[in-house]
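Letter by letter, the chains look like this.
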Amino acid sequence: MIIVCSKHVKEGLEIIHLPHIHLISEEDKDFGSYRCHICSEKADYKLFNFFPQKKIPLETVI
Ligand SMILES: [Zn+2]
């Protein structure tokens, strides 16, 4: 699973395959524990897939 803000959904979808998207609730956003993996802004979406993801360093993908 990766977590991104609304600006980086596309990049997030490109990083994982067979993506599923969950919107992060306002409550969870206010808690402040979700940060975009790409820019560290407050995240809006969780992106994840069914299968355990290979650990790929972000730098090699972007
Ligand atoms: Zn971002």
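The preceding data block contains the structure.
Regarding the overall build of the protein
Item 1. Each helix and strand in the protein was counted, giving three helices and three strands.
Item 2. Secondary structure of the protein in N-to-C order comes out as β-α-β-α-β-α.
Item 3. Taking all 62 residues of the protein together, the buried fraction comes to 16%.
Item 4. Taking the intrachain contacts of the protein between residues at least 6 apart in sequence as the baseline, contacts between residues at least 24 apart amount to 67%.

Structural notes on the nonpolar core
Item 1. Judged by nonpolar contacts, Ile2, Ile3, Val4, Cys5, Cys36, Ala43, Tyr45 and Leu47 together constitute the single largest core of eight residues.
Item 2. In this view, Ala43 contacts Ile3, Val4, Cys5, Ile24, Tyr34, Arg35 and Cys36; residues no more than four positions away in its chain are not counted.

Quick notes on the sheet that holds strand E1 (residues 2-4)
Item 1. Taken in spatial order, the three strands make up an open sheet running E1-E3-E2, and their pairing is antiparallel. Single-partner strands in this sheet number two, and they are E1 and strand E2 (20-23). Across this sheet, the average inter-strand angle for adjacent strands is 25 degrees, counted without regard to direction.
Item 2. One ladder, built from three bridges, connects E1 with strand E3 (residues 45-48); its direction is antiparallel. Note that in E3 the partner of Val4 across the bridge is Tyr45.

Criteria and thresholds
- Just so you know, the residues in each chain are numbered from 1, in the order the chain's sequence is written.
- pLDDT decides what is reported in this predicted model: residues at 70 or higher carry local features, side-chain atom pairs at 80 or more are listed and counted, and totals for whole chains, interfaces and linings draw on all residues regardless.
- For helices the rule is a DSSP run of H or I covering at least 4 residues; for strands it is a run of E covering at least 2, with both sets numbered from the N terminus onward.
- Working definition of burial: number of other C-beta atoms within 10 Å of the residue's own, with buried at 20 or more, exposed at 12 or fewer, and partly exposed in between, all C-beta atoms being placed from the backbone.
- Residues are defined as contacting one another if the C-beta atoms placed from their backbone atoms lie within 7 Å.
- Nonpolar cores are identified as sets of buried Ala, Val, Leu, Ile, Met, Phe, Trp, Tyr and Cys residues joined via C-beta atoms within 7 Å.
- Note: two strands are recorded as paired if DSSP finds a minimum of 2 bridges between them.
- Lines fitted to the C-alpha atoms define the axes, with helices restricted to the stretch that makes contact. Angles between their N-to-C directions range from 0 to 180 degrees.

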